[in-house]
Amino acid sequence: MTEAPPLAEGRWLWRRLYVFAATGAAWTLLGKLVAMAPAVAAPGLAGRLIDLLALTLVLYLVAPTAQQLLAGLRVLKGR
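Conventions used here
Residues numbered from 1 in each chain as written. Predicted model: local features only at pLDDT ≥ 70, side-chain atom pairs only at ≥ 80, totals over all residues. Heavy atoms only, no water. Helix = DSSP H or I, 4+ residues; strand = E, 2+ residues; numbered from the N terminus. Expected span 1.5 Å × (residues − 1). Buried < 20%, exposed > 50% of the residue type's maximum accessible area, 1.4 Å probe, protein only. Arc of directions from axis to C-beta. Salt bridge = Lys/Arg side-chain N within 4 Å of Asp/Glu carboxyl O. Axes fitted to C-alpha atoms, helices over the stretch in contact; angles between N-to-C directions. Parallel < 35°, antiparallel > 145°, perpendicular 65-115°, else oblique. Contact = heavy atoms within 4.5 Å. Nonpolar A, V, L, I, M, F, W, Y, C, P; charged D, E, K, R; others polar.

Let's talk about helix H2 (residues 42–62)
Working step 1: Between its first and last C-alpha, H2 extends 30 Å over 21 residues, near the 30 Å set by a 1.5 Å rise per residue.
Working step 2: Among all positions of H2, only Ala42, Ala46, Leu49, Leu53, Thr56 and Tyr60 are buried. For H2, the angular spread of buried residues about the axis comes to 90°, placing them on one side. Structural note: H2 exposes Pro43, Arg48 and Val62 on the side pointing more than 90 degrees away from its buried face.

Structure follows, in structure tokens:
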């Protein structure tokens, strides 16, 4: 049986929209928290939000596509 050629990821737009929306929300939250927080707490809050942004961007850049996940599941199912 011949395998069909891999298709492009169907939900690439939604993944990008989610990442851009989450990043925008985190930046907005950072601005509001820094404005509201006492000066002593601002570095800690900013650091945690920057960590969250970094995690989001790393997941966006290195997360497997749906086709990669399905291929991995096929390999596991064959064992």
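A word on the pattern of salt bridges
Working step 1: According to the stated counting rule, one finds one salt bridge in the structure shown.
Working step 2: Ionic pairing is found between Asp51 and Arg48, a salt bridge with its closest N-O pair at 3.5 Å. Residue Asp51 and its partner Arg48 are both found in helix H2; the two are separated by three residues, about one turn of the helix.
Working step 3: A residue is classified by how much of its surface remains accessible, and Asp51, at 43% relative accessible area, is partly exposed.
Working step 4: Residue classification places Arg48 among the exposed residues on the basis of a relative accessible area of 62%.

Quick notes on the packing of helix H1 (residues 12–36) against H2
Working step 1: One way to put it is that H1 packs onto H2 with a least axis distance of 10 Å and a crossing angle of 175°. Classified by the angle their axes make, H1 and H2 are roughly antiparallel. For the pair H1 and H2, the contacting residues are Arg15, Arg16, Val19, Thr23, Ala26, Trp27, Leu29, Leu30, Leu33 and Val34 in the first and Ala42, Leu45, Ala46, Leu49, Leu53, Thr56, Leu57 and Tyr60 in the second.
Working step 2: Grouping the amino acids of the contact of H1 with H2 by side-chain chemistry returns 14 nonpolar, two polar and two charged.

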